[in-house]
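The primary structure of each chain is shown beneath.
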Amino acid sequence: MTPIIDIDFAIEILPALGAGLLRSLVATCFGSVLALLLGFLLFLAIGARRRAIRRGSRFLLGFVRSTPLLVQLYCAYFILPQIGLDLSPIAAGSLVLGLHYACFAAEVFRAGRAAVPHGQLEIATALGLRPAQIMRLVVIPQMLPVVLPGLGNTLIALFKETPSLSAITVAELLFTARIVGAENFRYLEPMALCGLIYLTLSLAFAGGVNLLESRLQWAAPHRKAAR
Amino acid sequence: MALLIKAAPDLLSGLLVTLLIGAGAAVLATAAAFVAGLASHARSRAVRVPARIYIEVFRGTSALVQLYFLFYVLPLLGVLLPAWAVGILGLGLCIGAYGAVVVTAAVGAVPPGQKEAAAALGLRPMQAMRLVVLPQALRVMLPQFGNLSVELLKATALVSLITLHDLTFEAQMFNQETLHTAEAFLTILVVYYLLAQGIMRGFGVLQARFDVGARGGHVL
């Protein structure tokens, strides 16, 4: 066995890895949409007027953020069917990814909200806007430039955690790489390619986020200090 | 519940493995974070570039991919490590890369006047770093190191996938033997949560200690 990379073998396994990557990306997309929606709801909940909602959602946030994604995946994969919710592994995986990163997204939203000067809220109230209007017309447009880069980083982190889905039998990129490696008794090429694909994509996404950040700074230069 | 008590010794030994791997990885991560973090401030490119590459590679791929790479590929290259060493090495290097960014930012945030004053007082660069810059930077780093420690704790669950018998692995065994799924996983979720709370408390105490003499801070 030579440890030198076999290029032909690497090319041969690319289609299989591509199929795995596609599943990783599908889980990333569903997870991201869920993370953004749920994250915004959680953000609203931690600022809610009712104390019970505030407390409950803060606890949920802390709990989900400080427990391993892998164990949360096992919970969804093994417990949900027992209570009658039969989800496919990839659906359960996307759901948990979305929920996990929603808690991180909520934190990003909260930080963005804190960057909106308090006087803005007072003026909006003085102008007679209702709370929902203040949120929609005053707060959200101002917190968006602060929040977008942070959300981008959260979604990159979500993408990088998709390999954990292999533990609940989702045939995503890492899972495929391991299977290909086991079938051919050659782990070097599939694992190296898997790492390379993750590295390339997350660097590309990070580049996109940086570009977005510099654009937003140009659009709202006074925001720079708030970050 | 009775089943859980019967399984307690197994779960406790799993907890011990989780804690040992976590502690080992924390030591390695701290070392890697300071070495790579300070190296990315170095004047020479030969030092800066490898540090940047290390940081980008380990932050750009996920911890599980790194663990599998070390676990499956290192033996092919003639390096045979036991699984626990792979766990410590993989998690330590991964979290270390995130820590390096924290160190870089914190050292960069120390006002340049401090370094100039140190030089004017005749301190050598190493002395200035050790006596003037690092103590101030440490204060900025601590809260983020706290968050990274919780991330590390969460990441230790991944070592169950490279055959280590940690807390998550033991819970899976318990689940397979008894089919009491909810007890198995919800119990360890609470255990992880409590451990994370402990870590946060610990860092809170440390932060209070290190805040001595901070502007606007309280003196112990």
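Residues numbered from 1 in each chain as written. Chains lettered and ligands numbered in written order. Predicted model: local features only at pLDDT ≥ 70, side-chain atom pairs only at ≥ 80, totals over all residues.

## A closer look at the overall build of chain B
Part 1: When helices and strands are tallied, chain B shows nine helices and zero strands.
Part 2: Sequence-ordered secondary structure for chain B, helices as α and strands as β, is α-α-α-α-α-α-α-α-α.
Part 3: Judged by the C-alpha coordinates and their principal axes, chain B covers about 70 × 50 × 20 Å.
Part 4: With 220 residues in all, chain B has 40% of them scored as buried.
Part 5: For chain B, long-range pairs separated by at least 24 residues make up 74% of all intrachain contacts whose partners lie at least 6 apart in sequence. (Helix = DSSP H or I, 4+ residues; strand = E, 2+ residues; numbered from the N terminus. Buried ≥ 20, exposed ≤ 12 C-beta atoms within 10 Å, placed from the backbone. Contact = placed C-beta atoms within 7 Å.)

## Quick word on the overall build of chain A
Part 1: From N to C terminus, chain A includes nine helices and zero strands.
Part 2: If you line up chain A on its principal axes, its C-alpha atoms span 75 × 50 × 25 Å.
Part 3: Counting the 227 residues in chain A, one finds 40% classified as buried.
Part 4: For chain A, restricting intrachain contacts to residue pairs at least 6 apart in sequence, the fraction spanning at least 24 positions comes to 77%.

## Considerations on the interface of chain A and chain B
Part 1: Across the contact, 31 residues belong to chain A and 28 residues belong to chain B.
Part 2: Broken down by class, the residue content of the side of chain A that touches chain B amounts to 21 nonpolar, seven polar and three charged. (Nonpolar A, V, L, I, M, F, W, Y, C, P; charged D, E, K, R; others polar.)

## Quick notes on the environment of Ala102 of chain A
All names here are of chain A.
Part 1: Relative to the helices and strands, Ala102 is located in helix H5 (residues 89-114).
Part 2: Using a count of 26 C-beta atoms within 10 Å as the deciding quantity, one classes Ala102 as buried.
Part 3: Along the sequence, Ala102 and Val139 sit 37 residues apart, while their C-alpha atoms lie 20 Å from each other.
Part 4: Setting aside anything within four residues of it in sequence, one finds Ala102 in contact with Leu34, Ala35, Leu38, Gly39 and Leu42.

## Quick word on helix H5 (residues 83-109) of chain B
Residues and elements named next belong to chain B.
Part 1: Helix length check: H5 (27 residues) gives 39 Å between terminal C-alpha atoms against 39 Å at 1.5 Å per residue, within 8%.
Part 2: Largest kink in H5: about 25 degrees, centred on Ala97.
Part 3: For H5, a buried count of 19 out of 27 residues is recorded, marking the element as mostly surrounded by other parts of the structure. (Expected span 1.5 Å × (residues − 1). Bend = angle between axes of the 7 residues up to and from the residue.)

## So, the environment of Gly39 of chain A
All names here are of chain A.
Part 1: Considering the arrangement of structural elements, one finds Gly39 in helix H2 (residues 14-46).
Part 2: Given 25 C-beta atoms within a 10 Å radius, Gly39 is considered buried.
Part 3: For the pair formed by Gly39 and Ile83, sequence separation is 44 residues and the distance between their alpha carbons is 25 Å.
Part 4: Ignoring any residue separated from it by four or fewer positions in sequence, one finds Gly39 in contact with Ala102, Ala105, Ala106 and Phe109.

## Things to note about the confidence of the model for chain A
Part 1: Mean pLDDT over chain A stands at 89; residues scoring 70 or higher make up 94%.
Part 2: pLDDT under 50 marks residues 223-227 of chain A. Its contacts with residues more than four places away, or in other chains, come to seven contacts. (pLDDT = per-residue confidence, 0-100.)

## A few points about H5 of chain A
Residues and elements named next belong to chain A.
Part 1: Here H5 contains 26 residues, and its C-alpha end-to-end distance of 38 Å stays within 8% of the 38 Å for a straight helix at 1.5 Å per residue.
Part 2: Roughly 25 degrees is the biggest bend found in H5, and it falls at Ala102.
Part 3: Across the 26 residues of H5, 19 count as buried, placing the element largely inside the fold.

## What to know about the packing of H2 of chain A against helix H8 (residues 173-184) of chain A
Residues and elements named next belong to chain A.
Part 1: Where H2 contacts H8, the axes come no closer than 7 Å and their chain directions differ by 155 degrees. Between H2 and H8, the angle falls in the class roughly antiparallel. Residues Ala16, Leu17, Ala19, Gly20, Leu21 and Ser24 of H2 form the contact with H8, whose participating residues are Leu173, Phe175, Thr176, Ala177 and Val180.
Part 2: Here the contact of H2 with H8 is built from residues that sort into eight nonpolar, three polar and no charged. (Axes fitted to C-alpha atoms, helices over the stretch in contact; angles between N-to-C directions. Parallel < 35°, antiparallel > 145°, perpendicular 65-115°, else oblique.)

## Some details on unusual backbone geometry
Part 1: Positive phi values are uncommon outside glycine, yet Thr169 of chain A reaches one of about 65 degrees.
Part 2: Here Thr169 of chain A is to be found in the loop between helix H7 (131-160) and H8.

## Section: the environment of Val139 of chain A
Residue and element names in this part refer to chain A.
Part 1: Residue placement: Val139 occurs in helix H7.
Part 2: Its 18 C-beta neighbours within 10 Å are what place Val139 among the partly exposed residues.
Part 3: Residues Val139 and Ala124 lie 15 residues apart in sequence; the distance between their C-alpha atoms is 9.6 Å.
Part 4: In this structure Val139 touches Arg113, Val116 and Ile134, once residues within four positions along its chain are discounted.

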